[in-house]
Amino acid sequence: MTLIWSCNTLMVLHRKHALNHLHRLHERCEDEDNRARTVSSANELKAQHQLLLTTVNELITLLKAQDWIKATEITRHAYELIHEQYEQQRTSIIKSTASGGLTVVETTAIAQALRWIDRVSWHLARISHHYMSSFTWDSDNTIQSGL
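Along each chain, numbering runs from 1 in the same order as the chain's sequence is written. At least 70 in pLDDT is required for a residue's local features to be given in this predicted model, at least 80 for side-chain atom pairs to be given and counted, and no such filter applies to totals for whole chains, interfaces and linings, which use all residues. Note that water and hydrogens are dropped before the side-chain values are worked out from all heavy atoms of the structure.

S.K.: Lay out the side chain of T72 with the relevant residues and their values.
M.R.: In this structure, T72 sits in helix α4 (residues 68-98). Whenever a nitrogen or oxygen atom comes within 3.5 Å of another N or O atom, the pair is scored as a polar contact, on the condition that within protein one atom can donate a hydrogen and the other can accept it, and that pairs from neighbouring residues in sequence are kept only if both atoms are in side chains. Among the polar contacts listed, one links the side chain of T72 to the backbone oxygen of W68, at a separation of 2.9 Å. Setting aside residues no more than four positions away along its own chain, T72 makes contact with S128, H129 and M132. Counting from the N terminus, the helices are the DSSP runs of H or I reaching at least four residues and the strands are the DSSP runs of E reaching at least two. Throughout, a contact is declared for two residues whenever any of their heavy atoms are within 4.5 Å.

S.K.: Now, about α4: what can you tell me, with residues and values included?
M.R.: A helix is expected to span 1.5 Å for every residue after the first. Taking 1.5 Å of rise per residue, 31 residues should cover 45 Å, and α4 covers 45 Å from first to last C-alpha, within 8% of that figure. Two axes enter the bend calculation: one fitted to the seven residues ending at the residue in question, the other to the seven starting there, and the bend is the angle between them. Y86 marks the point of greatest bend in α4, at about 45 degrees. For α4, the full list of buried residues reads W68, A71, T72, I74, T75, A78, Y79, I82, Y86, Q89 and I93. Under the scheme applied here, a residue whose accessible area is under 20% of the maximum for its type counts as buried, over 50% as exposed, and between as partly exposed, the area being computed with a 1.4 Å probe on protein chains only.

S.K.: Pulling in residues and values, what's your account of the environment of I69?
M.R.: Mapped onto the elements of the fold, I69 is located in helix α4. Its relative accessible area of 28% is what places I69 among the partly exposed residues. Along the backbone, I69 and S133 are 64 residues apart, and their C-alpha atoms lie at a distance of 9.2 Å.

S.K.: I'd like to hear about the side chain of E32, residue by residue, with values.
M.R.: Along the polypeptide, E32 turns up in the loop between α1 (2-31) and α2 (33-41). You can call E32 buried: its relative accessible area is 18%. Excluding anything up to four places from it in sequence, E32 contacts E27 and W116.

S.K.: I'd like a description of the nonpolar core, backed by residues and values.
M.R.: Among buried residues, the Ala, Val, Leu, Ile, Met, Phe, Trp, Tyr and Cys ones that are joined through side-chain atoms within 4.5 Å form a nonpolar core. Core analysis: the largest hydrophobic core is formed by 21 residues, its most contacted members being V39, L45, I110, L114, I117, V120 and L124. Of all the secondary structure elements, the ones that give two or more residues to this core are α3 (46-64), α4 and α5 (104-133). It is α5 that contributes the most residues to this core, 8 residues altogether.

Structure follows, in structure tokens:
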């Protein structure tokens, strides 16, 4: 009996974590919409913007198909790509400012947008991970709802 209760507790905990990240994602998208606009318009962030759009569109399709594992894989991959480029991209933006390619105001907006897209991709990855983890594997390798 204790084992079943523990599994259910873990599943509920994962769903609570997913909701927490969903709340943070909502706040970032609602309260920081100027950063989202900068991401979509800045040439320096075109690759990250396209990756995020592609990931979200694919994620919608996967969620409709209830393919939680693939959803987790694509969001984690997108976050890893965006995060790996973060410091290099930030350094490039600062160098562009030093050489006169960007104004200080432009640099600040782009740097904030870069941080925003890094955090948004992190929350998408964590939402997918925790939601997928709120399910359990049955003995025949099918996913069964944990609740």
